[in-house]
Amino acid sequence: MANSCIKYEVVTKSYGKKIIIKELSLDIPADITTAIVGESGSGKSTLLQMANGLVIPEKGQVSIFSKPINKVSIREQRLKIGYSVQGAGLFPHLSVLHNVTLMARLLDWADDAIQSRFEYLLDLFELDPELSPRYPYSLSGGQQQRVSLCRAMMLNPPLLLLDEPFSALDPVTREIIHSEFLRLQAIESRTTVLVTHDMGEAMKLAQQVIVLYEGRIEQQGSVEDIQNNPASDYVETLFRVGGN
Amino acid sequence: MLRIYLTNALLLALSTLLVLFSGAASSQATDSSRAYTIGSKNFNENYILGEIISQLLEDSGFTVDRNFGMSGTMVIYEALRTGEVDAYVEYSGTLAEVIFPGEGDSTPAELNQHLQSEGIEALQSFGFNNTYALAMKRDHAADLGVETVSELAAQENIDLGFSVEFLNRADGWLGLIENYGFTQQAIGMDHGLAYQAIDAGTIDATDAYSTDGDLELFDLIILRDDLNFFPQYYAVPLIHQNLDPQVKNILRQLEGRIDEERMRDLNGRVMLDGKSFAEVASEFLTEEKLFIQTTSAVTGSSIWSNIYQNTLVHLQLTIIALSLGCLVGLPLGVIIYRSKKLSRGMLYVAGLMQTIPSLALLALFIPIFGIGKTPAIIALFLYSLLPILRSTITALLTIDPVLKRAAEAIGMTRFQQLRFVLVPLALPNVLSGVKTAAIISIGTATLAAFIGAGGLGEPIVTGLALNNTDLILQGAIPAACLAIITEMLFDVLERALVKPHMLVGQLPS
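These lines cover the structure that appears in this document, whether it is placed above or below. (Residues numbered from 1 in each chain as written. Chains lettered and ligands numbered in written order. Predicted model: local features only at pLDDT ≥ 70, side-chain atom pairs only at ≥ 80, totals over all residues. Heavy atoms only, no water.)

**Points about the sheet that holds strand 8 (residues 191-196) of chain A**
Residue and element names in this part refer to chain A.
Consideration 1: Pairing within the open sheet is mixed, and its six strands lie in the order 6-7-8-3-9-10. Both edges of this open sheet fall to strand 6 (81-85) and strand 10 (216-222), since each of them pairs with a single strand only. Across the sheet, the axes of successive neighbouring strands diverge by a mean angle of 15°, strand direction being ignored.
Consideration 2: With five bridges joining them, strand 7 (residues 159-163) and strand 8 adopt parallel strand pairing. In the sheet register, leucine 161 faces strand 8, and the bridge partner there is valine 193. (Pairing = 2+ DSSP bridges. Helix = DSSP H or I, 4+ residues; strand = E, 2+ residues; numbered from the N terminus. Axes fitted to C-alpha atoms, helices over the stretch in contact; angles between N-to-C directions.)

**Things to note about the pairing of strand 4 (residues 59-64) of chain A**
Residue and element names in this part refer to chain A.
Consideration 1: Note: strand 1 (residues 4-15) against strand 4, five bridges, orientation antiparallel. The residue of strand 4 that forms the bridge with lysine 7 is serine 63.
Consideration 2: Of the pairings in the sheet, the one linking strand 4 to strand 5 (residues 67-68) comprises two bridges and is antiparallel in character. By the bridge assignment, serine 63 is partnered in strand 5 with proline 68.

**Some details on the interface of chain A and chain B**
Consideration 1: Facing 20 residues of chain A, the contacting portion of chain B comprises 21 residues.
Consideration 2: Here chain A meets chain B over a buried area of about 2,000 Å², counting both sides, of which 72% is carbon and sulfur.
Consideration 3: Three residues stand out in chain A for area buried against chain B, namely Phe91, Pro92 and His93 of chain A, and they jointly supply 28% of the buried area on that side.
Consideration 4: Joining chain A to chain B, the criterion identifies one salt bridge.
Consideration 5: Residue arginine 78 of chain A pairs with glutamate 408 of chain B through a salt bridge whose shortest N-O separation is 3.4 Å.
Consideration 6: Mapped by element, the contributors of at least two residues to the side of chain A that touches chain B are helix 2 (74-78), strand 6 and helix 3 (96-106) of chain A.
Consideration 7: The residue makeup of the side of chain A that touches chain B, split by class, is 13 nonpolar, four polar and three charged. (Contact = heavy atoms within 4.5 Å. Buried area = accessible area lost by both parts, 1.4 Å probe. Salt bridge = Lys/Arg side-chain N within 4 Å of Asp/Glu carboxyl O. Nonpolar A, V, L, I, M, F, W, Y, C, P; charged D, E, K, R; others polar.)

**What to know about the environment of glycine 433 of chain B**
Residues and elements named next belong to chain B.
Consideration 1: Structurally, the position occupied by glycine 433 is in helix 19 (residues 414-444).
Consideration 2: Between the alpha carbons of glycine 433 and arginine 390 there is a distance of 7.5 Å; along the sequence they are 43 residues apart.
Consideration 3: When near neighbours in sequence (up to four residues on either side) are disregarded, glycine 433 contacts Pro387, Ile388 and Ser391.

**Considerations on helix 2 (residues 44-59) of chain B**
Residues and elements named next belong to chain B.
Consideration 1: Its 16 residues give helix 2 an end-to-end C-alpha distance of 22 Å, which sits within 8% of 22 Å, the value for a rise of 1.5 Å per residue.
Consideration 2: Counted residue by residue, helix 2 has 15 buried out of 16 residues, so it is predominantly covered.
Consideration 3: Two residues or fewer past helix 2, glycine 61 is found with a positive phi of approximately 95°. (Expected span 1.5 Å × (residues − 1). Buried < 20%, exposed > 50% of the residue type's maximum accessible area, 1.4 Å probe, protein only.)

**A closer look at the nonpolar core**
Consideration 1: Counting residues in each nonpolar core, the largest one holds 106 residues, and the members touching the most others are Leu49, Leu134, Leu152, Leu176, Phe182 and Leu238 of chain B.
Consideration 2: At eight residues, helix 17 (residues 373-397) of chain B tops the list of elements feeding residues into this core.
Consideration 3: When near neighbours in sequence (up to four residues on either side) are disregarded, leucine 238 of chain B contacts Tyr77, Leu80, Asp86, Ala87, Tyr88, Glu90, Leu95, Leu115, Ile120, Glu121 and Ala122 of chain B.
Consideration 4: With 64 residues, the next largest nonpolar core counts Val96, Val100 and Leu124 of chain A together with Phe490 of chain B among its residues. (Core = buried A, V, L, I, M, F, W, Y, C linked by side-chain atoms within 4.5 Å.)

**So, the pattern of salt bridges**
Consideration 1: What the rule picks out here adds up to 29 salt bridges over all chains.
Consideration 2: Here glutamate 58 of chain A and lysine 13 of chain A are joined by a salt bridge, their closest N and O atoms 3.9 Å apart. With glutamate 58 of chain A in the loop between helix 1 (44-50) and strand 4 and lysine 13 of chain A in strand 1, the pair connects residues that are 45 residues apart, well separated along the chain.
Consideration 3: Since its relative accessible area comes to 43%, glutamate 58 of chain A is described here as partly exposed.
Consideration 4: On the basis of relative accessible area, lysine 13 of chain A is assigned to the buried category, the value being 14%.
Consideration 5: Across the pair glutamate 287 of chain B and arginine 262 of chain B runs a salt bridge, and its minimum N-O distance is 2.3 Å. With glutamate 287 of chain B in helix 13 (residues 277-287) and arginine 262 of chain B in helix 12 (residues 260-271), this pair connects stretches of sequence that are 25 residues apart.

**Thoughts on the packing of helix 18 (residues 401-409) of chain B against helix 19 of chain B**
Residue and element names in this part refer to chain B.
Consideration 1: Remark: helix 18 packs on helix 19, axes separated minimally by 10 Å, with the N-to-C direction vectors making an angle of 165°. Comparing the axis directions of helix 18 and helix 19 gives the class roughly antiparallel. Read as a crossing pair, helix 18 and helix 19 show a hand that is right-handed. Every residue of helix 19 that contacts helix 18 at Leu403, Lys404, Ala407 and Glu408 is listed here: Gln417, Val421, Leu422 and Leu425.
Consideration 2: Taken together, the residues of the contact of helix 18 with helix 19 break down into five nonpolar, one polar and two charged. (Parallel < 35°, antiparallel > 145°, perpendicular 65-115°, else oblique. Left-handed = near helix turned anticlockwise from the far one by under 90°.)

**What about unusual backbone geometry?**
All names here are of chain A.
Consideration 1: A positive phi is found at aspartate 108, a non-glycine position, where the angle reads about 60°.
Consideration 2: Following the sequence through the fold, aspartate 108 ends up in the loop between helix 3 and helix 4 (111-124).
Consideration 3: The exposure class of aspartate 108 is exposed, given its relative accessible area of 67%.
Consideration 4: One non-glycine residue, glutamate 214, adopts positive backbone phi at about 50°.
Consideration 5: The residue glutamate 214 is located in the loop between strand 9 (208-213) and strand 10 in this model.

**As for the side chain of serine 343 of chain B**
Residues and elements named next belong to chain B.
Consideration 1: Of note, serine 343 is situated in helix 15 (residues 340-355).
Consideration 2: The class for serine 343 is buried, based on a relative accessible area of 5%.
Consideration 3: With sequence-adjacent residues up to four places away left out, serine 343 is seen in contact with Ile336, Tyr337 and Ile393.

**So, the packing of aromatic side chains**
Consideration 1: In this structure the tally under the stated criterion is 19 aromatic pairs over all chains.
Consideration 2: Each ring, one from phenylalanine 229 of chain B and one from phenylalanine 230 of chain B, has its centre 5.2 Å from the other, and the planes form 55°; the classification is tilted. Summarising the burial analysis for this pair, phenylalanine 229 of chain B and phenylalanine 230 of chain B share the class buried.
Consideration 3: Through a chain of ring-to-ring contacts, three or more aromatic side chains come together here, namely Phe43, Tyr91, Tyr132, Phe162, Phe166, Trp173, Tyr180, Phe182, Tyr209, Phe229, Phe230 and Tyr233 of chain B.
Consideration 4: Stacked on the ring of phenylalanine 91 of chain A, the Lys or Arg arginine 151 of chain A has its end atom at 4.7 Å from the ring centre.
Consideration 5: Of note, arginine 419 of chain B hangs over the ring of phenylalanine 420 of chain B, and the distance from its end group to the ring centre comes to 4.6 Å. (Phe/Tyr/Trp six-rings, centres within 6.5 Å; stacked < 30°, edge-to-face > 60°. Lys NZ or Arg CZ within 6 Å of the ring centre and 35° of its normal.)

Worth remembering: the numbers are spatial, not functional.
And the structure:
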């Protein structure tokens, strides 16, 4: 297996009395796409947010690129982590251009570097350049999600965290973005962690799947492993409702 | 009517508070080169006497600041004691009963001794005795066969309405109950409004002053004080002991110049003939040949220039207060909004501030900040704090958590998150909070006139004292216009600063 990019060491996180993640240890390998699959409330988003310090576990340690995460160091680390969420999370007061390029401008990138990276990303996600001065409210859901992916990839981060980015899209749009995502994977190898409740999507986009159930890892392995040897009824159910 | 009653009740409350706080005040040294501040209470006669003193000093080349229309004896007496006011006209009976309560009948010598210990000197009286009296409509009194206070006390179904100060004074209603055995209930109301009420038949009798210029206008008669209960109220200028002796000598010219009939006449010129205080004072000084310079005769200044001046002062008060409110409220909200405890605590404190009645707050500040603009601005600032703070905290707290997470996740520093995401997203809500604060300030600032801060409240206070609706409207209409214009300006500002799709209620989901 390739190098570990994200390392969880016996992490526990609870909100109030409810334990979300329980003494979980996990290595997420570099350069491939890993899907974290589970039903709502299984803790998959929380697990993802521990990787960029949005959630700090009360017990255990998370490291990325072999460096332990703490509140101070994480700010620098985040520049190497792209992040996109369900519903896109675009800033409503900023245009498409400014949403995508905000952080690059704050980091004082050269104007032409910003411009060429922006154009490259629009092209990658088949977004019309005429959208760039528009505000998020005037975009379709699919367009918003693509812009959100552009923003996540603006700084060309080695790690991409995707929190159910395709869940809110209609099936047709989802199909199109899926194929764009696969094309992206074919061009470059980038460590990607995709959180989804859709096993079909996981199988299509990921090389490795982690099934989460009530804050624990139910099963971990390659897509084929899991499909051929589901560890429990729960995993099987996920396959059955996954649409494939 | 209830509002008037409440207002007066507040005035009473603040007078009480003032007594409690008077210990904190310190007196100020006087200086011959500075302007002299002349105060007046907020009723007709006292305005005229204040104006007479002011013009007399101005005629001799002194600069005079007029702090007229102050509300309640304790407010103005305290202002004199602390040196905020250099002189005003007080009444001997009021001095005895209000300033030195419970000390029985005081001789003028005893009074002066008390005053001296406070650094105050009473000059000789103007000459007239403006005593309290009970007044009734002439025909109504005749119908009931009432000529004396005793006969009124014997009436069963009568409604009594008194000025709040009278209602609570030992030499007023409380003493009447004790001496005449009144068993009827009495309600408190503004003195000017009481005459209207008696004219309309809402009340049967009210307190009056023997020099009231409008007794005749309302066809009122004064009931004979058959038990000789009411003390004497000779009008005396009260001044600071260390006032320039020259000033003292100038004011001494007024000793014994005005008898009761003369005072009723002067009062009537304002109340009945509609002249300004300045005009009547000027006429009096001219008639008495007290002016040294012939050029100083005053003619009435135009309504428009008065409104303009008052509006300027009003704007000054509200703009300074609102700016302070923003300067403190906005950063404070940004700093504390993350902490539930802190923001809840601050909102509680700011809310508490809001519940202190404006007049009480203004009065509380007199011992600390004196009278005039400073305490008014501080009070308005405190009132503006709650809406600004609350809207800032609410605006920041209600920002979609997904956006907050996104801002944090892409690697922005705390400051960058604030500057580029949180503040722009909070702006529409914050602006509407500042707008609310501005409009509250414009309304509340009208009360600042009670402590001599001027502004559009001044014609309102004077109009109330004179029972002059025109004058009240000269303050009320511009104040309402200011509020409307402010509302419109904020709409323009909002359109300039906030993109249309970001306006409140139109956030994309």
